[in-house]
Amino acid sequence: MQRLKGGLTRTVKQYCLNRNGMYCNPHDHRSFSALPNYAAVNDADPEDQVLVEGRAKSRAAILNRPDTLNALTAPMVGRLKRLYESWEENPSIGFVLMKGGSGKAFCSGADVVSLSQMVDDGNIEDCKRYFETLYKFVYLQATYLKPHVAILDGFTMGCGAGISIPGMFRLVTEKTIFANPEAKMGFHPDAGASFYLSRLPGYLGEYLALTGDKLNGVEMIATGLATHYSLHSKLAWTEDRLGNLITDDRDAIETSLAHYGVIVHPDKTSVLHKIEIIDKCFCRDTVEEIIDALIREGRFQSLDQCLSREYRISIAGISKRVSNDFFEGVRARLVDKDFAPKWDPPTLADVSTDMVDSYFSRLDEFEPELELPTATREPYI
């Protein structure tokens, strides 16, 4: 979103401190050196990209696109949704687990290069269906009738967080890196981000949304984004213990997760120790009313309301009704990698109120809103 992008430029340069107390630049590509190596077109079978392991009383979904840090394609999201729906209905399955098949990542987010290519090829309806399916899967996670364990070992970014944080248990390690870097690509934190970021302490959510800064596993525990912490070297033991469970009892699952767990606290370099500075800077409407509309408003809304608003913003972004910024951001960061996006409009001063409002307005009569089964499924988070 243009205003989110414009605020990123102005606000961060004025206020944001990195962990060494120095001013940080959000446009410095070195801050995210491990960007996924996206392929513009991926014709692999989704069954190879989302593997399934059967266990005594559980099933595991394994994200398997290591070259892209397990970035989610449309076929992958569709397969995950179908699997989870079938597993929920299967009485022989007590609980479900999700993890990344690569040692570097759980999930780096959406495969935005393939989404951009869809639109360039004239398949914008397929791109819309991607967001619809993704957000419905996020809601399914939040309303899942069986215990769910997400092992967030490695990069957990963007919608990778969205498909895991709504679940019951989130296990992190010393290799976990959490971030919402969407603003750096002219997009907005989505897949439920306006729900979970808005519930972080103070104005930390605004800071993370606008800067794309990272949290480690310890910080995720401290902020409630994760429920359990384990050393990477002990993950195999934890998985074996979970795999041998013959139960759907959440207490038994939690005990297994905690068995090899470690009690941790943020060290003195943590951004959490700068929370007073963050609150002082981000409690102001420095990006005019964008923060109120996207993040702060989410504090008082249910997950389905947040997802519905995010869906409108996403559809507006990919439809190019106001700006081409999302596609320009993808080009600059992930295709040409010149890290020099040509934003349109180029400055915050050129952004009108009508342009901002168009992102948040209800979709027109020819564009259906996101429909979620709120009457039959209620989130427990």
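None of these values were measured; they are calculated from a predicted model.

A. Representation of the overall build of the protein in the model. What the protein contains, in helices and strands, is 16 helices and 10 strands. Within the span of the protein, comprising 381 residues, buried residues form 57% of the whole. Taking contacts inside the protein between residues at least 6 apart in sequence as the whole, the part at least 24 apart equals 75%. Of the accessible surface of the protein, which amounts to about 15700 Å², a share of 49% is contributed by carbon and sulfur atoms.

B. Quick peek at the packing of helix α14 (residues 303-319) against helix α16 (residues 353-360). The geometry of α14 relative to α16 is characterised by a closest axis approach of 7 Å and an angle of 120° between their N-to-C directions. Taken together, the axes of α14 and α16 lie oblique to each other. Contact residues: α14 offers Arg309, Arg312, Ile313, Ala316 and Gly317, while α16 offers Ser358, Tyr359 and Phe360. Classifying every residue of the contact of α14 with α16 by side-chain character gives 4 nonpolar, 2 polar and 2 charged.

C. Geometry of the pairing of strand β3 (residues 95-100). Summarising burial for β3: 6 of the 6 residues are buried, a large majority. Judged by which residues are buried, β3 turns out to be covered on both faces: Phe95, Leu97 and Lys99 on one side and Val96, Met98 and Gly100 on the other are all buried. Here 6 bridges tie strand β2 (residues 58-63) to β3, and the two strands are oriented parallel to one another. Counterpart to Ser58 in the pairing with β3 is Phe95. For the crossover from β2 across helix α3 (residues 74-89) to β3, the handedness is right-handed. Taken together, the 4 bridges between β3 and strand β5 (residues 148-152) define a ladder with parallel strand orientation. Looking across to β5, one finds that Lys99 is bridged to Ile151.

D. Representation of the nonpolar core in the model. In this structure, Leu63, Leu72, Tyr84 and Phe178 are the most contacted members of the largest nonpolar core, which totals 79 residues. The leading source of residues in this core is helix α5 (residues 124-142), at 10 residues. Not counting residues within four places of it along the chain, the set of residues in contact with Phe178 comprises Thr156, Ala161, Ile165, Tyr196, Leu197, Leu208, Asp213, Lys214, Leu215, Met220 and Leu225. Residues Ile151, Phe169, Leu235 and Ile253 belong to the second largest nonpolar core, which totals 13 residues.

Rules of the game
- Residues numbered from 1 in each chain as written.
- Predicted model: local features only at pLDDT ≥ 70, side-chain atom pairs only at ≥ 80, totals over all residues.
- Heavy atoms only, no water.
- Helix = DSSP H or I, 4+ residues; strand = E, 2+ residues; numbered from the N terminus.
- Buried < 20%, exposed > 50% of the residue type's maximum accessible area, 1.4 Å probe, protein only.
- Contact = heavy atoms within 4.5 Å.
- Areas by Shrake-Rupley, 256 points an atom, 1.4 Å probe, with all protein chains shown as cover.
- Axes fitted to C-alpha atoms, helices over the stretch in contact; angles between N-to-C directions.
- Parallel < 35°, antiparallel > 145°, perpendicular 65-115°, else oblique.
- Nonpolar A, V, L, I, M, F, W, Y, C, P; charged D, E, K, R; others polar.
- Pairing = 2+ DSSP bridges.
- Right-handed = clockwise from strand over helix to strand, strands pointing away.
- Core = buried A, V, L, I, M, F, W, Y, C linked by side-chain atoms within 4.5 Å.

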